Amino acid sequence: MTRHWRPDDRAESQIRTVGFDVPREVGAVEIQMTYAAGPGSVLDLGLEGPRGYVGWSGGARSRVVVSQGWATPGYVPQAVEAGTWCVLIGLHRVPADGVTMELTVQVVGDSVVAEHRRAEPADPPAASDPSAEGRSGVDRPAARRAGPASRLPDVDGMRWLAGDFHSHTVHSDGALSVGGLAGLAVSRGLDFLAVTDHNTTSHHAHLPAAAAAYGIVLVPGQEVTRDVGHANVIGDVGLVDFRSPPETWATQAESRGGVLSINHPLAADCAWLLPVDRPAVAEVWHSSWASVPTWGAPLAWWLLTPETVPIGGSDFHQHGHDGLPGSPTTWVLAEGDDVVGAVRAGRTAVSGSVDGPVVARVGDEFVAVGAEGLLLSGSGRGRSRVLGDRFRLPAWSGPCWLEDEDRVVHALCG
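Figured I'd write up the structure that's included with this text. A quick note: this is a predicted structure, and the numbers were derived from the prediction, not measured.

With that settled, the discussion passes to the pairing of strand β23 (residues 400–403). Covered by surrounding structure in β23 are Cys400 and Leu402 together with Trp401 and Glu403, the residues of both alternating faces. Relative to β23, strand β20 (residues 375–377) runs antiparallel, the two sharing three bridges. Paired with Leu376 across the bridge in β23 is Leu402. For β23 and strand β24 (residues 409–413), the ladder comprises four bridges, and the chain directions are antiparallel. When the bridges of β24 are listed, Trp401 appears paired with Leu412. The turn joining β23 and β24, which pair antiparallel and follow one another in sequence, is formed by five residues; a positive phi near 70 degrees is taken by Arg407.

Now for the pairing of strand β15 (residues 309–313). Most of β15 is tucked away, with five of its five residues classed as buried. The side-chain alternation of β15 yields two buried faces, one formed by Val309, Ile311 and Gly313 and the other by Pro310 and Gly312. Relative to β15, strand β14 (residues 281–286) runs parallel, the two being bridged by five bridges. Residue pairing for β15: Glu283 is matched across the bridge by Ile311.

Of all ten residues in helix α3 (residues 178–187), eight are buried; the element is thus mostly enclosed. Of all the residues in α3, the buried ones are Val178, Gly179, Leu181, Ala182, Gly183, Leu184, Ala185 and Val186. Taken together, the buried residues of α3 touch β10 (192–195), α4 (207–214) and β11 (217–226). Positive backbone phi, approximately 95 degrees, marks Gly189, located one or two places after α3.

What follows concerns the packing of aromatic side chains. Within this structure, the stated rule accounts for five aromatic pairs. Residues Trp56 and Phe242 carry aromatic rings whose centres are separated by 4.7 Å and whose planes lie at 50 degrees to one another, so their mutual orientation is tilted. On the criterion of sequence distance, the pair formed by Trp56 in strand β5 (residues 52–58) and Phe242 in the loop between β12 (229–234) and α5 (249–255) is long-range, its members being 186 residues apart. Judged by relative accessible area, Trp56 falls into the buried class, the value being 5%. Overall, Phe242 belongs to the buried group, its relative accessible area being 2%. Through successive ring pairs, a cluster of aromatic residues spans Tyr53, Trp56 and Phe242. The ring centre of Trp5 lies 4.0 Å from the NZ or CZ of Arg3, which sits over that ring.

Glancing now at the nonpolar core. Judged by nonpolar contacts, the single largest core of 45 residues is most densely connected at Trp160, Leu193, Ile216, Leu218, Val359, Leu376 and Leu402. Top contributing element to this core by residue count: α3, with six residues.

Another point: the pattern of salt bridges. Throughout the structure, instances matching the rule amount to 15 salt bridges. The salt bridge partner of Glu12 is Arg16, with a shortest N-O separation of 3.6 Å. The exposure class assigned to Arg16 is buried, which follows from its relative accessible area of 16%. When the shortest N-O distance is used, the salt bridge between Arg51 and Glu81 registers 3.0 Å. Taken together, the positions of Arg51 in the loop between β4 (42–49) and β5 and Glu81 in the loop between β6 (63–67) and β7 (83–93) put the pair 30 residues apart, joining distant regions of the chain. Given a relative accessible area of 18%, Glu81 falls into the buried group. Overlapping salt bridges, with partners in common, bring together Glu30, Arg63 and Glu115 in one network.

We now examine α4. Most of α4 is tucked away, with six of its eight residues classed as buried. Residues of α4 that are buried: Leu207, Ala209, Ala210, Ala211, Ala213 and Tyr214. The inward-facing, buried residues of α4 abut α3, β10 and β11. Following α4 by one or two positions, Gly215 has its phi on the positive side, about 70 degrees.

On to the sheet that holds β4. Across the sheet, which stays open at both edges, the four strands sit in the order β2-β7-β4-β5 with antiparallel pairing between neighbours. A strand with exactly one partner marks an edge of an open sheet, and here the two such strands are β2 (15–22) and β5. Adjacent strand axes in the sheet meet at a mean angle of 20 degrees, parallel and antiparallel pairs treated alike.

Positionally, Ser287 belongs in the loop between β14 and α6 (297–304). Among the polar contacts listed, one links the side chain of Ser287 to the backbone oxygen of Ser314, at a separation of 2.5 Å. With sequence-adjacent residues up to four places away left out, Ser287 is seen in contact with Gly313, Ser314, Asp322, Gly323, Ser327 and Pro328.

Across a sheet, paired strands are connected by hydrogen bonds in the backbone, their directions being either parallel or antiparallel. In spatial order, the strands read β18-β19-β22; together these three strands make up an open sheet with antiparallel pairing. Because the sheet does not close on itself, it has two edges, and the strands there are β18 (358–362) and β22 (390–394). Sheet twist, expressed as the average angle between the axes of neighbouring strands with direction ignored, equals 25 degrees. Taken together, the five bridges between strand β19 (residues 365–369) and β22 define a ladder with antiparallel strand orientation. Residue pairing across strands places Val369 opposite Arg390, the latter belonging to β22.

Reading guide: rules and limits
- The numbering scheme is per chain: residues are counted from 1 as the chain's sequence reads.
- Totals for whole chains, interfaces and linings use all residues, but because this is a predicted model, local features are given only for residues with pLDDT of at least 70 and pairs of side-chain atoms are given and counted only at 80 or more.
- With hydrogens and water set aside, each side-chain value is computed from the structure's full complement of heavy atoms.
- Each residue is assigned to one of three classes by its accessible area relative to the maximum for its type, calculated with a 1.4 Å probe on protein chains only: buried under 20%, partly exposed between the two thresholds, exposed over 50%.
- Counting from the N terminus, the helices are the DSSP runs of H or I reaching at least four residues and the strands are the DSSP runs of E reaching at least two.
- A pair of strands is considered paired only if DSSP assigns at least 2 bridges between the two.
- We call two residues in contact when some of their heavy atoms are within 4.5 Å.
- A pair of aromatic rings is counted whenever rings of Phe, Tyr or Trp (Trp by its six-membered ring) have centres within 6.5 Å, and the orientation is called stacked for planes under 30 degrees apart, edge-to-face for over 60 and tilted otherwise.
- We call a charge positioned above a ring when the Lys NZ or Arg CZ atom is no farther than 6 Å from the ring centre and deviates by at most 35 degrees from the ring normal.
- What makes a nonpolar core is a set of buried Ala, Val, Leu, Ile, Met, Phe, Trp, Tyr and Cys residues whose side-chain atoms join them at distances within 4.5 Å.
- A pair is scored as a salt bridge if a Lys or Arg side-chain nitrogen falls within 4 Å of a carboxyl oxygen belonging to Asp or Glu.
- Lines fitted to C-alpha atoms define the axes, with helix axes restricted to the stretch in contact, and inter-axis angles between N-to-C directions lie between 0 and 180 degrees.
- In protein, a polar contact means a hydrogen-donor-capable atom and an acceptor-capable atom, both N or O and within 3.5 Å, with residues adjacent in sequence counting only if both atoms are side-chain atoms; elsewhere, any N or O pair within 3.5 Å suffices.

Without other data, these values stay purely geometric and don't point to any function.
Listed below in structure tokens is the structure:
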């Protein structure tokens with residue numbers, strides 16, 4: 001099929017479907033999309049089967065395969081049964097003169113599936129994979145660094161865990177496998193990492209094996225991605241379909257035991273353009289803001305909704321492209337490994353790195369660790385000089401942060 005998409009097509013509907021019929025069950029199907037790519041033309045790719053959503057690769061891939069035994073990362077392996085299937089086309093960017101797409105769908109054999117599989121970084125086998133036995137052993141990375149914030153006080157049996165709520169793998173537009181990302185996170189000193197690939201949960205099946213191999217808590221997540229904003233669903237809640245009305249995303253996540261977080265509310269073409277009609281969780285510190293450390297807009301956005309629970313995210317995709325995992329670091333005061341529960345309860349703090357200065361709310365006090373010489377401040381508050389390695393100050397209601405004489409923020413908490 002050849003189709004020429006124009007800006008008016010995108011204005012009418014950003015997500016288009018192209019149906020095809022599978023007359024009988026087959027071993028595997030391959031979808032290939034080609035077009036003249038460039039800064040002004042970006043088309044996304046996804047797939048839906050007779051039983052529902054199969055997966056999404058966005059603009060990261062132009063060729064995918066699905067079979068019962070294996071599928072291209074981003075897609076859930078399943079039988080290619082008879083019925084109507086739909087290729088999902090996302091009109092992400094369409095130039096003024098349009099873009100011509102060629103779409104090919106064909107039945108393929110085991111050799112083509114094996115070719116696709118060999119081209120992908122190896123993930124730890126899913127728990128349901130019968131070949132998993134004997135293949136889960138991985139060399140453990142070096143022990144975590146113990147930074148100043150590791151000295152934050154425990155509270156009622158709960159302890160502070162260091163982590164990152166925004167990261168990507170080959171299951172969307174990242175460069176590393178789930179195992180590769182887990183190893184990198186541990187080497188960076190993190191206790192937990194939310195893996196939040198775009199519009200898919202195909203990576204979830206691989207998290208338990210990687211978590212066990214590397215000794216890290218890997219939190220199931222997904223980045224629900226639309227042109228009106230991106231949001232991370234944190235928790236093992238199943239798929240929140242990005243095509244559903246955005247005003248329902250938080251309810252879907254929370255009703256299934258998860259949390260919805262607004263991602264990088266201030267950004268270029270992926271800023272949050274939807275109402276915030278209740279206290280939320282939001283990525284008030286994103287790795288891209290490190291390049292403009294005196295930029296006050298993210299802090300100002302947070303202060304407009306001061307009940308928002310603050311978290312941070314590196315949005316790591318690949319080396320040299322984004323901040324590394326833990327830049328920034330989010331600290332959660334957790335019961336055991338219940339990271340999601342800690343966020344839901346608002347027990348969070350954010351620092352520039354795992355071994356940098358940090359401030360956290362502990363009972364009726366703010367506790368600043370590793371921050372001597374910095375200034376502790378808040379909305380409408382004066383600034384108090386931090387004296388000593390562990391500084392305590394009576395807490396007020398609302399946001400608090402650590403800054404230096406140049407107004408550069410080094411850490412914050414709600």
